[in-house]
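Tertiary structure, described
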Amino acid sequence: MYFPIADVTVNPLLLMGVGFLVGILGGFFGVGGGFLAGPMMFWTGVPMNFVVGTDLAHMTGKSIVAARRHRALGHVDFKLGSFMILGTVGGVELGARFIEVLKHKGTLDITVGLVYIVILVSISAFTAWESIRAIQMVRTDQIDVNDAVGFTGISKRIQSVKLRPMISFPVSGIESISIWMVLGVGFLTGLLAGSLGVGGGFIRMPLLVYVLGIPTHVAVGTDLFEIVFSSGYGTITHAIKGNVDILMALVMQTGAAIGAQIGATATRFFAGPRIRLAFSFLPLIGAVLVLMRLIGGGVLH
Amino acid sequence: MKRMDPRKLLRNLLIEVVIYSFLIVAYYLLVLHSIGGWLAAIFGSNLYQYAFIGLGLILAQAVILDIVTSLMMKYIKLDQFGIRRILDVFSNR
């Protein structure tokens, strides 16, 4: 099928399949799936600026459905999510402007491609290492599987920083934390969302769990709540800059709808560290796809 | 909860996916395939209008598809025998 806005021909069944896969991820892992959808779109031949914008558009719709489901399960910390949105919006706008600069310089593909690869490999390695540690803790220390986080030192240190104003998040079990830490996490993930075309969940999830110390199930729901706003704002700002093919996003979303149903239901059957271990190898798929396109497209020799 | 044969459960999951696929193919041929030219025309004339119409379409489609998939699972009673039951069986192993 020819997509006139992006000026590219892509098999719609392939796009629906990508949507289906990231729909499962969105519901199950609490991430938008952009870290996988973006590289897959790039691999099929979609220009990088349209990958970034269209991926955000497709995630907006998918995330609103998944967030509704997690809200019904009581997995969304609205207070935390609302504060993070403030930081996220600023980051998204800065990221979108960064894309425009790279587009005009003609270095968009190589820069964004390499940043994708570095981030995806790092996230994969860190998440695998942490979740294996946490699973071992469950076995040896007999702690509750939902409380097992193999990397609690950072979150305790972050929560002990007394940089005013301080704020509490009872739903997430946080008695006191500096608001700047929350805004900082929001800004960083917004920057990634705006510049890579991802919801930011693959970086926000680890930051929420390991840095802020949020329980995994609340992190999943709150992350999806955040993605609705970060990707919604990203869609608008990228569409105005001519980087969104809405038709492509609509086609992808048809697959995502049924995938989200499966993914959200599946979270009830698997506990914290196992979710994170299953998540850990997925970013590598995205990294390989980006590398293949960069080599195949002659960007890397 | 009564346990079911995993083969039956997988069969029911496939039924769900096949029914949904038929609905989506029809929707693609009737709606999505025909709005490409209209969207391209708006994209060429006014990017602000395109941005907000695009976001509206994405949100509307997401909500409608969610209602369709939920109703499909609820009224065809597939949710009792399909995905959820499959997960029940495999998580108890």
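None of the values given here were measured: they were computed from a predicted structure.

Details of the overall build of chain A
Along its length, chain A carries twelve helices and four strands. Across the 301 residues of chain A, 61% fall into the buried class. As presented, chain A carries roughly 10900 Å² of accessible surface, and 67% of it is formed by carbon and sulfur atoms.

A word on the interface of chain B and chain A
Taken together, the 34 residues of chain B in the interface contact 38 residues of chain A. It is Tyr28(B), Ile58(B) and Asp66(B) in chain B that bury the most area against chain A; as a group they hold 17% of the surface buried on that side. At the junction of chain B and chain A, the tally comes to zero salt bridges. Run the count over chain B and chain A and you get five residue pairs in polar contact (both at pLDDT 80 or more). Breaking the side of chain B that touches chain A down by element, the ones donating at least two residues are helix H1 (6–45), helix H2 (47–75) and helix H3 (83–91) of chain B. Broken down by element, the side of chain B that touches chain A gets its largest block of residues, 18 residues, from H2(B). Residue composition of the side of chain B that touches chain A, by class: 24 nonpolar, seven polar and three charged.

A word on the packing of aromatic side chains
Residue and element names in this part refer to chain A. Evaluated as defined, the whole model comprises four aromatic pairs over all chains. Both rings, one in Phe 78 and one in Phe 225, keep their centres 5.0 Å apart while their planes meet at 85 degrees; by these two values the pair is edge-to-face. Of this pair, Phe 78 sits in helix H4 (residues 78–105) while Phe 225 sits in helix H9 (residues 216–240); the two residues are 147 residues apart in sequence, bridging distant segments of the chain. Taking relative accessible area as the criterion, Phe 78 reaches 38% and is therefore assigned partly exposed.

Quick look at the nonpolar core
One recurring pattern in soluble globular proteins: nonpolar side chains tend to sit buried together. One finds Phe202(A) and Leu212(A) to be the most contacted residues of the largest nonpolar core, which totals 93 residues. With nine residues, helix H10 (residues 246–266) of chain A is the largest single contributor of residues to this core.

Quick notes on the environment of Tyr233(A)
Residues and elements named next belong to chain A. Mapped onto the elements of the fold, Tyr 233 is located in helix H9. Sequence separation between Tyr 233 and Val 112 is 121 residues, and the spatial gap between their C-alpha atoms is 20 Å. Each residue touching Tyr 233, except ones within four places of it in the same chain, is listed here: Val 89, Val 92 and Glu 93.

Quick word on the pattern of salt bridges
Residues and elements named next belong to chain A. One pass over the structure, following the stated rule, counts five salt bridges over all chains. A salt bridge links Glu 226 to Arg 204, with the shortest nitrogen-to-oxygen separation between them at 3.1 Å. Here Arg 204 lies in helix H8 (residues 201–211) and Glu 226 lies in helix H9, a separation of 22 residues in the sequence. On the basis of relative accessible area, Glu 226 is assigned to the buried category, the value being 0%. Ionic contacts of the salt-bridge type, sharing partners, join the residues Glu 93, Arg 97 and Lys 241 into one network.

Focus: a nonpolar patch on the surface
There is a patch of nonpolar side chains on the surface, built from Leu14(A), Trp43(A), Val288(A) and Met292(A) and spanning about 370 Å² of accessible area. Structurally, the position occupied by Leu14(A) is in helix H1 (residues 12–29).

Section: the packing of helix H3 (residues 48–72) of chain A against H9(A)
All names here are of chain A. Taken N-terminus to C-terminus, the directions of H3 and H9 make an angle of 145 degrees; their axes are 7 Å apart at the nearest point. For the pair H3 and H9, the crossing hand works out as left-handed. Every residue of H9 that contacts H3 at Val 52, Gly 53, Leu 56, Ala 57, Met 59, Thr 60, Ser 63, Ile 64, Ala 66, Ala 67 and His 70 is listed here: Val 220, Gly 221, Leu 224, Phe 225, Ile 227, Val 228, Ser 231, Gly 232, Gly 234, Thr 235 and His 238. Of the residues in the contact of H3 with H9, the class split is twelve nonpolar, ten polar and no charged.

Observations regarding the confidence of the model for chain B
Mean pLDDT over chain B stands at 76; residues scoring 70 or higher make up 63%. Both scores are available for the predicted complex, with the pTM at 0.77 and the ipTM at 0.78.

Some thoughts on H9(A)
An ideal rise of 1.5 Å per residue puts 36 Å on 25 residues; H9(A) measures up with 35 Å between its terminal C-alpha atoms. Where H9(A) ends, the next residue or the one after it, Gly242(A), has phi of about 80 degrees, a positive value.

Re the pairing of strand E3 (residues 166–169) of chain A
Residues and elements named next belong to chain A. Alternating positions in E3 separate cleanly, Ile 167 and Phe 169 being buried on one face and Met 166 and Ser 168 remaining unburied on the opposite face. Relative to strand E4 (residues 174–178), E3 runs antiparallel, the two sharing three bridges. Bridge pairing in E4 places Phe 169 opposite Ile 174. Connecting E3 to the next strand, E4, in antiparallel fashion are four residues, including Gly 173 with a positive phi near 75 degrees.

Observations concerning the confidence of the model for chain A
When the pLDDT values of chain A are averaged, the result is 81; 87% of them are 70 or greater. Across chain A, the element-wise mean pLDDT spans from 71 in helix H11 (residues 272–280) of chain A up to 91 in strand E2 (residues 8–9) of chain A.

Here we look at the environment of Gln61(B)
Along the polypeptide, Gln61(B) turns up in helix H2. Along the chain, Gln61(B) and Ala51(B) lie ten residues apart, while their C-alpha atoms are 15 Å from each other. What Gln61(B) contacts, discounting residues up to four positions off in sequence, is Leu250(A), Gln253(A), Thr254(A), Tyr27(B) and Leu32(B).

Regarding unusual backbone geometry
The general pattern is negative phi for most residues beyond glycine and trans for most peptide bonds. Although it is not a glycine, Asp7(A) sits at a positive phi angle of roughly 55 degrees. On the secondary structure map, Asp7(A) appears in the loop between strand E1 (2–3) and E2.

Calculation criteria
Residues numbered from 1 in each chain as written. Chains lettered and ligands numbered in written order. Predicted model: local features only at pLDDT ≥ 70, side-chain atom pairs only at ≥ 80, totals over all residues. Heavy atoms only, no water. Helix = DSSP H or I, 4+ residues; strand = E, 2+ residues; numbered from the N terminus. Buried < 20%, exposed > 50% of the residue type's maximum accessible area, 1.4 Å probe, protein only. Areas by Shrake-Rupley, 256 points an atom, 1.4 Å probe, with all protein chains shown as cover. Contact = heavy atoms within 4.5 Å. Buried area = accessible area lost by both parts, 1.4 Å probe. Salt bridge = Lys/Arg side-chain N within 4 Å of Asp/Glu carboxyl O. Polar contact = N/O pair within 3.5 Å; in protein donor to acceptor, adjacent residues only side chain to side chain. Nonpolar A, V, L, I, M, F, W, Y, C, P; charged D, E, K, R; others polar. Phe/Tyr/Trp six-rings, centres within 6.5 Å; stacked < 30°, edge-to-face > 60°. Core = buried A, V, L, I, M, F, W, Y, C linked by side-chain atoms within 4.5 Å. Patch = residues over 30% accessible without salt bridge, like charges linked within 9 Å, V, L, I, M, F, W, Y side chains within 5 Å. Axes fitted to C-alpha atoms, helices over the stretch in contact; angles between N-to-C directions. Left-handed = near helix turned anticlockwise from the far one by under 90°. pLDDT = per-residue confidence, 0-100. Expected span 1.5 Å × (residues − 1). Pairing = 2+ DSSP bridges.

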